[in-house]
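Observations on the three-dimensional arrangement
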Amino acid sequence: MKLRIFTEPQQGATYDDLLSVAQASERLGFDAFFRSDHYQRIGAGDPGPGSTDAWITLAGLARETSTIRLGTLVSPATFRLPGPLAISVAQVDQMSGGRVELGFGTGWYDTEHSAYGIPFPPVKERFARFEEQLEIVTGLWTAEKTYSFEGSYYRLADSPALPKPAQRPRPPVIIGGTGPKRTPRLVATYADEFNVPFRRPAETGEAFDRVRQACEAAGRGVILSAAQTTVVGADRAEVERRCAAIGEDPDALRESGLAGTPAEVLEKIGTFAELGAERLYLQILDLQDLEHLELIAAEVLPHLP
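Residues numbered from 1 in each chain as written. Predicted model: local features only at pLDDT ≥ 70, side-chain atom pairs only at ≥ 80, totals over all residues. Heavy atoms only, no water.

A word on the overall build of the protein. For the protein, the helix and strand inventory stands at eleven helices and twelve strands. Relative to the globule expectation of 19 Å for 305 residues, the C-alpha radius of gyration of the protein, 19 Å, shows essentially globular dimensions. Counting only C-alpha atoms, the protein reaches 60 × 40 × 35 Å along its principal axes. Expressed as a percentage of the 305 residues in the protein, the buried residues total 53%. Considering only intrachain contacts with a sequence separation of at least 6, the fraction spanning at least 24 residues in the protein is 73%. Of the roughly 13100 Å² of accessible surface on the protein, 50% is carried by carbon and sulfur atoms. (Helix = DSSP H or I, 4+ residues; strand = E, 2+ residues; numbered from the N terminus. Rg over C-alpha atoms; globule rule 2.2 N^0.38 Å. Buried < 20%, exposed > 50% of the residue type's maximum accessible area, 1.4 Å probe, protein only. Contact = heavy atoms within 4.5 Å. Areas by Shrake-Rupley, 256 points an atom, 1.4 Å probe, with all protein chains shown as cover.)

Right, here's the structure in full:
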């Protein structure tokens with residue numbers, strides 16, 4: 001099991017906030033630093049400085065870190081055209097020396113789309129566009145010569161398919177969700193990793209099983225992972241303090257996420273490992289509390305299953 005730090009900058013964080021967390025995550029031995037890709041705060045509350053662009057952020061972090069892997073969970077297909085997205089990710093991969101991963105999804109938060117003038121088609125069209133984008137982005141990265149594509153929504157004619165990413169044949173692609181039909185098929189066709197976000201173990205296991213079946217039918221396998229809101233404290237009082245800082249009820253978060261003492265959290269991590277998860281994305285919401293990361297690194301990382 002590998003632990004990855006996952007942040008939500010749209011809730012209010014500057015680039016410098018993210019840099020501090022990314023560099024601490026690298027120094028403390030976490031496997032990766034990931035961020036969401038949103039342009040507006042989700043839910044009520046003070047937006048603070050607002051959000052930051054995911055791929056501009058990761059480009060900066062690529063030059064200010066040296067070993068930790070970097071990525072999005074997840075970039076919406078609605079935000080960017082597939083050709084420019086392939087260029088951006090390939091360039092950040094070059095800038096990082098081959099440490100980038102693309103978490104990719106359909107997009108779901110309609111409010112941020114209307115706030116910034118981004119088209120937000122119905123869900124059926126979003127999935128159709130997403131599938132075409134998956135084929136185009138991965139096709140541009142792996143094409144040996146020029147690349148052309150003719151779809152219902154996108155057309156590419158004799159693209160030079162440049163620049164190429166540092167990782168060959170391409171950076172890993174992560175697809176998430178719990179959809180019963182389209183998601184497993186897309187994972188089996190295009191993804192290197194399948195992520196189940198913010199679900200209890202039983203539902204996570206069911207989603208894993210559906211993807212396993214689709215991958216077996218396609219004759220390939222993928223890495224399985226989960227994302228969990230995380231609060232760890234040395235004792236109950238510290239857990240309660242950290243939960244209060246992010247507006248979570250400690251008992252409820254013990255059920256719905258990863259919360260408690262290191263021993264309690266390790267026990268639940270073991271449950272996800274038994275389901276087949278190889279990676280856990282720890283959603284850390286208080287980006288000022290670097291002691292939180294230090295506690296996890298000292299008391300959880302050394303004892304992973």
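Burial along strand β6 (residues 147–150) is one-sided: the residues Tyr147 and Phe149 are buried and none of Ser148 and Glu150 is. Bridge analysis of β6 against strand β7 (residues 155–159) gives three bridges, and the strand direction is antiparallel. Residue pairing across strands places Tyr147 opposite Ser159, the latter belonging to β7. (Pairing = 2+ DSSP bridges.)

So, on to the packing of aromatic side chains. All told, the structure shown has seven aromatic pairs when counted by the stated rule. Relative to Phe130, the ring of Phe104 lies with its centre 5.2 Å away and its plane at 75°, an arrangement referred to as edge-to-face. Remark: Phe130 occurs in helix α5 (residues 123–142) and Phe104 occurs in strand β5 (residues 100–105); sequence separation between them is 26 residues. Overall, Phe104 belongs to the buried group, its relative accessible area being 2%. Relative accessible area serves as the criterion here: at 2%, Phe130 is assigned to the buried category. Geometrically, the ring pair formed by Trp108 and Tyr109 is tilted, given 5.2 Å between the ring centres and 40° between the ring planes. Members of the aromatic cluster, connected to one another through ring pairs, are Tyr39, Phe79 and Tyr116. (Phe/Tyr/Trp six-rings, centres within 6.5 Å; stacked < 30°, edge-to-face > 60°.)

Let us look at the pairing of strand β2 (residues 32–35). The side-chain alternation of β2 yields two buried faces, one formed by Ala32 and Phe34 and the other by Phe33 and Arg35. In this region the chain leaves strand β1 (residues 2–7), passes through helix α1 (residues 15–28) and returns to the parallel neighbour β2; the handedness of that crossover is right-handed. Relative to strand β3 (residues 69–72), β2 runs parallel, the two being bridged by four bridges. By the bridge assignment, Ala32 is partnered in β3 with Arg69. Taken together, β2, helix α2 (residues 54–64) and β3 constitute a β-α-β crossover, and its handedness is right-handed. (Right-handed = clockwise from strand over helix to strand, strands pointing away.)

Take helix α6 (residues 182–190) next. Residues of α6 that are buried include every one of Thr183, Pro184, Leu186, Val187, Ala188 and Tyr190, and no others. Tucked into the core, α6 has its buried residues touching α5, β8 (173–176), β9 (193–197) and α7 (201–218).

To continue, consider the side chain of Gln167. Structurally, Gln167 is set in the loop between β7 and β8. Take Gln167: its relative accessible area is 15%, and that puts it in the buried class. At 2.8 Å, the side chain of Gln167 forms a polar contact with the side chain of Arg69. Dropping the residues within four chain positions of it, Gln167 is found in contact with Arg69, Asp93, Gly98, Arg99, Val100 and Pro172. (Polar contact = N/O pair within 3.5 Å; in protein donor to acceptor, adjacent residues only side chain to side chain.)

Judged by nonpolar contacts, the single largest core of 75 residues is most densely connected at Leu3, Phe30, Phe33, Trp55, Phe194 and Leu282. The element that contributes the greatest number of residues to this core is α5, accounting for seven residues. Residue contacts for Leu3: discarding those within four places in its chain leaves Phe30, Asp31, Ala32, Ile269, Leu280, Leu282, Ile296, Val300, Leu301 and Leu304. Within the second largest apolar cluster, seven residues are counted, among which are Ala32, Phe34, Ala227 and Tyr281. (Core = buried A, V, L, I, M, F, W, Y, C linked by side-chain atoms within 4.5 Å.)

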